[in-house]
Amino acid sequence: MKKKQFTQILGFSLLRTCACAVILVLAVILYDIASKGAVVINWKFLTTMPADGMTKGGILPAIIGTFLVTVITAILAIPLGMGCAIYLNEYAKDGLITRFIRMAIRNLSGVPSIVYGLFGVILFVQLMNIGTCILAAGFTLGLMTLPWTITASEEALKNVPNSYREGSLALGATKWQTIKTNVLPYAVSGMLTGTILGLSRAAGETAPILFTGAAFYLPHLPKSLFDQFMALPYHLYIMSTQHHSISKVRPIAYGTALVLIALVFTMNLFAVILRYKLRKVKME
Amino acid sequence: MNKAATFLIAFTLMFLGVSACMAAENMVEIKGSDTLINVVQKLAETYMKGHPDAGISVTGGGSGTGIAALVNRRCDIANASRGIKSKEVEDANKKGIDPKRVVVAIDGLSIVTNTQNPIDKLTMDDIGKIYRGDVKNWKDLGGNDTPVNLYGRQSNSGTYDFMKEVVMKGEYSPNMKSMNGNAQIVEAVKQDPGGIGYVGVGYVKDAAGINVLKVAANPGLGYFSPLNSMDVKTGNYPITRPLNQYLNGTPKGAVKDFIVFELSAEGQKIVEDEGFFAVPREYQRYNNDLLGISDNLDSSTTKYSVEGRDGA
Amino acid sequence: MAKHDNFREKLIHGLFFFNGLLVVIVLVGIFILLIVKSAPVFKVVPLKDFLFKATWNPTATFVAPSYGMGSMLVSTLMVSIGALIIAIPLGIGTAAYLSDIASPRVREIAKPVIEILAGIPSVVIGFLGIVLVGPMISRIFKLSNGLNALNGSILLAVMALPTIISLTEDALKSVPSSFKEASLALGATHWQTIVKVKIPAAISGIVAACMLGMGRAIGETMTVLMATGCSIAMPKSFLSSVQTITSTIAIELGEVPYDTTHYYALFAIGLVLFVITFIINMVSDIVLRKYQKVVK
């Protein structure tokens with residue numbers, strides 16, 4: 001009897017330690033980046049161009065570049081992702097094709113980001129000949145984000161009660177009319193929540209943009225979607241490995257890391273708040 | 001929600017529209033060598049201060065990347081810390097590109113070791129042996145009993161190629177750690193008592209916290225340091241190389257203007273400030289021929305001999 | 001009027017169908033592209049040699065270029081398995097804690113913590129490998145340089161943990177409460193119930209979670225590129241510097257002239273990587289499917 005209790009106490013402590021270890025890891029990561037990055041962050045850092053061989057100045061072009069690329073990612077991933085989810089949830093019947101589609105989605109989410117990069121180089125940069133630019137990088141990231149948007153959108157569609165659909169159809173509306181007026185409006189917020197999470201992941205990716213458009217140094221902000229761009233994750237990479245004086249710019253690297261994490265964190269927070277608001281609305 | 005989406009879409013369409021009009025942007029695209037990237041970026045920055053409507057973008061990736069981009073018409077200038085290879089020239093000609101070379105700086109490729117390493121000079125032969133993996137411990141060369149830790153660049157780097165062709169005359173030991181940039185090599189060797197690395201001289205001009213070895217072409221000749229500009233310019237230091245920029249055909253317009261700036265007194269001062277060496281007479285003449293500038297240099301008898309790959 | 005509507009409906013149906021098919025097209029497209037762009041290399045190098053020979057030196061000039069990905073394969077597997085050795089016990093332990101022992105308040109804190117951890121970009125983790133983990137490793141093991149397989153494994157473990165934790169927690173939660181109640185009724189302690197009843201019942205879900213975590217680790221690029229030291233020799237231990245498949249592609253793709261053997265070889269190692277992650281995903285899928293059948 002005593003032994004059993006003793007083993008339980010030991011076992012529980014072990015599990016508790018595991019959980020604490022995980023939380024500790026996150027704490028260490030955030031502390032290191034926040035403490036060493038915060039010293040560099042000020043309004044100037046966020047709004048000026050890099051200067052003096054990128055040893056001074058700010059990271060504005062990287063912030064803008066990441067923003068632009070993420071917008072293009074969204075333009076590709078949102079409509080195509082929602083469309084696929086609508087098909088799967090509203091139209092598709094259980095069959096071989098549907099199983100194939102679902103299998104494809106699961107596998108696409110497991111494809112390494114560098115393989116998406118390879119694909120993007122061949123398809124967008126070379127075959128479609130748009131060169132290395134914001135569009136090419138955005139499209140590549142868009143493909144990578146598709147599985148996320150589809151999964152999130154499907155969840156949102158599933159949450160719309162069937163009675164909404166049945167009621168509309170009973171009144172004589174066509175399938176598409178039903179979807180447009182009785183399903184989509186209620187699912188859109190949920191779709192966007194998942195999409196934003198996917199976009200936040202895309203904003204932090206480096207491998208797909210390595211060869212599709214990211215640049216070491218650009219003197220102006222990109223003036224067109226066919227221009228190359230600087231991006232936060234790529235900037236962090238070059239500041240910590242390729243730059244002339246990596247120890248001198250270490251603080252800038254930390255600052256970039258902090259801005260990147262803050263961006264990803266903010267997008268996640270936005271999605272969570274959206275999800276919370278959505279749940280509140282549903283309950284009323 | 002809908003409002004935000006509409007706004008976003010409208011904004012992007014506007015951007016697309018504006019960008020379509022501005023697609024003919026006169027941006028000079030420079031890609032390539034990491035050895036050159038910082039000095040060219042500095043040159044570009046200074047140039048644009050004086051010419052506000054010029055636009056120059058600089059990307060790295062290695063000499064191989066730059067030349068590949070030039071051949072595939074994705075850049076205007078390819079930075080290269082080595083000469084173009086015959087296979088690359090073939091590819092270029094096949095695709096209708098006529099690669100022309102400009103020499104923008106001279107580099108004394110420096111061999112660096114940790115301050116705890118008592119050895120302060122080596123022959124080219126020794127360096128070759130070390131990097132081929134034939135020497136595994138510093139004591140074999142009269143140093144401490146520490147294993148040798150090799151640091152080098154990645155295969156897309158011109159410095160990697162140059163080192164291999166000229167100094168090692170053999171393949172790299174697979175145990176070499178390939179770093180992404182010159183600065184990373186310096187950082188690593190600073191912390192590693194058994195470390196050795198090769199970097200462009202521009203990265204060790206301060207030589208703080210690191211040993212820059214003196215090198216002799218042969219044990220009979222003298223040992224010279226790359227930090228001594230006279231020795232580099234006269235060719236005494238055996239591991240010197242021209243730092244090149246490759247272009248498609250004779251440069252014109254914005255590209256030519258920038259290159260003229262790079263080779264001007266102001267530009268060459270920036271080159272020296274960044275730790276490299278200015279282009280000597282012989283190369284100046286060659287550059288001017290390419291650019292179609294008459295040169296008013298006196299035919300001085302300073303013979304400049306550069307050992308190393310020279311763009312064949 | 002009805003006919004017109006009907007046609008429109010069919011059109012819209014068709015559009016959505018095509019949209020759905022797009023995903024399959026993309027996946028198949030990636031596969032075909034990799035095969036087409038890598039096939040030429042096998043005319044030069046037989047498949048067995050390509051996979052298992054240890055020397056990768058495509059830019060060799062003093063000897064014949066060699067295209068052997070053996071060391072790369074071993075390096076990739078080493079860092080991934082190393083990551084799993086760290087992440088699986090930690091992950092299952094944390095998941096068990098969260099699903100069974102933690103109070104709801106702790107669970108409220110833990111959920112966002114894990115989500116935040118999952119959201120940290122790989123380049124930031126790689127950066128920490130250089131500035132934080134590397135110096136730590138070199139201090140502890142008295143090495144000169146902390147960029148090696150161990151560094152990579154630690155970082156990849158951090159990246160795989162969120163996947164393993166959330167999926168294992170889901171699996172544990174799905175074990176019918178009747179199992180737990182029966183076990184407690186028979187006199188087992190809570191701990192014994194977790195270890196001897198719940199975890200075995202959820203084992204398929206847990207295995208699937210670990211496999212997906214492994215898939216994530218194998219496919220990581222930036223983290224290993226920045227933190228493992230990039231040495232193409234066959235690794236001797238976890239303290240050796242290694243170069244994974246993903247690092248090699250990231251390093252060499254930019255330089256390689258199009259349509260050369262080296263170019264095809266890079267696509268070939270990309271294909272191998274794709275096949276490995278594909279197989280892992282399929283297997284974990286099958287395991288999950290079986291698991292759902294058992295529970296039902």
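None of these values were measured; they are calculated from a predicted model.

Here we take up the overall build of chain A. For chain A, the count of helices and strands is 11 helices and 2 strands. In chain A, the succession of α and β elements from N to C terminus is α-α-β-β-α-α-α-α-α-α-α-α-α. Across its three principal directions, the C-alpha atoms of chain A cover 70 × 70 × 40 Å. Within chain A, buried positions represent 54% of all 284 residues.

Looking only at helices and strands, one finds 11 helices and 12 strands in chain B. For chain B, with 312 residues in total, the buried portion stands at 51%. Within chain B, contacts between residues at least 6 apart in sequence are counted, and of these 73% link residues at least 24 apart.

Residue and element names in this part refer to chain A. Parsing chain A into structural domains produces domain 1 (2-38) and domain 2 (44-283). Relative placement of domain 1 and domain 2: their C-alpha centres are 32 Å apart. Between domain 1 and domain 2, the residue contacts involve 5 residues of the former and 6 residues of the latter. A per-class count over the side of domain 1 that touches domain 2 returns 3 nonpolar, 1 polar and 1 charged.

Residues and elements named next belong to chain B. Split by domain assignment, chain B resolves into domain 1 (27-106 + 241-291) and domain 2 (110-233). At the interface, 19 residues of domain 1 touch 17 residues of domain 2. Of the residues assigned to the side of domain 1 that touches domain 2, the class counts are 6 nonpolar, 9 polar and 4 charged.

Residues and elements named next belong to chain B. Overall, mixed pairing links the 5 strands, which are arranged β8-β7-β9-β5-β10 in an open sheet. The two strands at the open ends of the sheet, each matched to only one other strand, are β8 (177-179) and β10 (211-212). Bridging between strand β5 (residues 110-113) and β10 involves 2 bridges; their strand directions are antiparallel. Bridge assignment links V112 to a residue of β10, and that residue is V212. Here helix α7 (residues 182-191) sits on the sheet in contact with β5, β7 (149-153), β8 and β9 (195-199), set at roughly 155° to β9.

Of note, C:I203 is situated in helix α10 (residues 203-219). Expressed as a C-alpha distance, the spacing of C:I203 and C:A171, which sit 32 residues apart in the sequence, is 8.0 Å.

Taken together, the contacts link 68 residues of chain A with 62 residues of chain C. Residue contributions to the side of chain A that touches chain C peak at 18 residues, all from helix α1 (residues 2-38) of chain A. Tallied by class, residues from the side of chain A that touches chain C come to 46 nonpolar, 15 polar and 7 charged.

All right, on to the packing of helix α7 (residues 149-173) of chain C against α10(C) then. All names here are of chain C. In the contact formed by α7 and α10, the axes pass within 8 Å of each other and the chain directions differ by 160°. In this view, α7 runs roughly antiparallel relative to α10, as classed from their interaxial angle. In this structure, the crossing between α7 and α10 has a hand that is right-handed. Together, L156, M159, A160, T163, I164, L167, T168, D170 and A171 of α7 and G205, I206, A208, A209, C210, L212, G213, R216 and A217 of α10 make up the contact between the two elements. Its residues placed into classes, the contact of α7 with α10 shows 12 nonpolar, 4 polar and 2 charged.

Residue and element names in this part refer to chain B. Reading across from one edge, β2-β1-β3-β12-β4 is the order of the 5 strands in this open sheet, with mixed pairing throughout. Across the chains shown, the open sheet's two edge strands, defined by having one partner strand only, are β2 (55-61) and β4 (99-108). Neighbour-to-neighbour, the strand axes of the sheet open up by a mean angle of 20°, direction not taken into account. Relative to strand β12 (residues 240-248), strand β3 (residues 77-80) runs antiparallel, the two being bridged by 4 bridges. Across the sheet, the residue bridging to I77 is L247, located in β12. Sitting on the sheet, helix α11 (residues 281-291) is in contact with β4 and β12, with an inclination near 155° to β4.

Attention now moves to the confidence of the model for chain B. All names here are of chain B. Mean pLDDT over chain B works out to 81, with 85% of the residues at or above the 70 mark. Scored below 50 in pLDDT, residues 20-24 shows 4 contacts in the model against residues more than four places distant or in partner chains. A low-confidence stretch, residues 296-312 stays under pLDDT 50, and its non-local contacts, those more than four residues away or across chains, total 35 contacts. For this predicted complex, the interface score ipTM comes out at 0.89, alongside a pTM of 0.87.

Time to look at the interface of chain A and chain B. The interface of chain A with chain B comprises 26 residues on the first partner and 28 residues on the second. Put simply, the parts of the chain that give the side of chain A that touches chain B at least two residues each are α3 (60-91) and α8 (175-203) of chain A. At 3 residues, α8(A) tops the list of elements feeding residues into the side of chain A that touches chain B. Across the side of chain A that touches chain B, the residue classes tally to 12 nonpolar, 13 polar and 1 charged.

With that settled, consider the environment of A:P219. Relative to the helices and strands, A:P219 resides in the loop between α9 (207-210) and α10 (232-241). Sequence spacing of A:P219 and A:H235 is 16 residues, and the spatial spacing of their C-alpha atoms is 14 Å. Setting aside residues no more than four positions away along its own chain, A:P219 makes contact with B:A44, B:M48, B:G55, B:I56 and B:S57.

Now for the nonpolar core. Soluble globular proteins: nonpolar side chains tend toward being buried together. Core analysis: the largest hydrophobic core is formed by 273 residues, its most contacted members being A:L236, A:A257, C:V23, C:V124 and C:L161. Top element by residues in this core is α3(A). It accounts for 16 residues. Excluding anything up to four places from it in sequence, C:V124 contacts A:L236, A:A257, A:L260 and A:I261.

All names here are of chain B. Across the 5 residues of β9, 5 count as buried, placing the element largely inside the fold. Neither face of β9 is exposed, since G195, G197 and V199 on one face and I196 and Y198 on the opposite face are all buried. Alignment of β7 against β9, held across 2 bridges, turns out to be parallel. Bridging from a neighbouring strand, L150 pairs with I196 of β9.

Residues and elements named next belong to chain A. With 15 residues, helix α5 (residues 113-127) extends 20 Å from end C-alpha to end C-alpha; this agrees with the ideal 21 Å at 1.5 Å per step. A bend of about 30° at G120 is the largest found in α5. A large share of α5 lies buried, amounting to 12 of its 15 residues. Directly after α5, the chain includes N129, whose backbone phi takes a positive value near 55°.

Residue and element names in this part refer to chain B. In terms of burial, strand β1 (residues 27-32) is a largely internal element, 6 of the 6 residues being buried. Residues M27, E29 and K31 point to one face of β1 and V28, I30 and G32 to the other, with burial holding for every one of them. For the handedness criterion, the β-α-β arrangement of β1, helix α2 (residues 34-50) and β2 is classed as right-handed. Here β1 runs beside β3; their pairing, made up of 3 bridges, is parallel. If you follow I30 over to β3, its bridge partner there is I77.

Here we take up unusual backbone geometry. Residue and element names in this part refer to chain B. A positive phi is found at R73, a non-glycine position, where the angle reads about 60°. With respect to the secondary-structure elements, R73 resides in the loop between α3 (63-71) and β3. According to the C-beta neighbour criterion, R73 is exposed, with 12 such atoms within 10 Å. Notably, K169 is not glycine yet its phi reads approximately 50°, a positive angle. Among the secondary structure elements, K169 is positioned in the loop between α6 (158-168) and β8.

About the cut-offs
Residues numbered from 1 in each chain as written. Chains lettered and ligands numbered in written order. Predicted model: local features only at pLDDT ≥ 70, side-chain atom pairs only at ≥ 80, totals over all residues. Helix = DSSP H or I, 4+ residues; strand = E, 2+ residues; numbered from the N terminus. Buried ≥ 20, exposed ≤ 12 C-beta atoms within 10 Å, placed from the backbone. Contact = placed C-beta atoms within 7 Å. Domains from an automatic or database assignment. Nonpolar A, V, L, I, M, F, W, Y, C, P; charged D, E, K, R; others polar. Pairing = 2+ DSSP bridges. Axes fitted to C-alpha atoms, helices over the stretch in contact; angles between N-to-C directions. Parallel < 35°, antiparallel > 145°, perpendicular 65-115°, else oblique. Left-handed = near helix turned anticlockwise from the far one by under 90°. pLDDT = per-residue confidence, 0-100. Core = buried A, V, L, I, M, F, W, Y, C linked by C-beta atoms within 7 Å. Expected span 1.5 Å × (residues − 1). Bend = angle between axes of the 7 residues up to and from the residue. Right-handed = clockwise from strand over helix to strand, strands pointing away.

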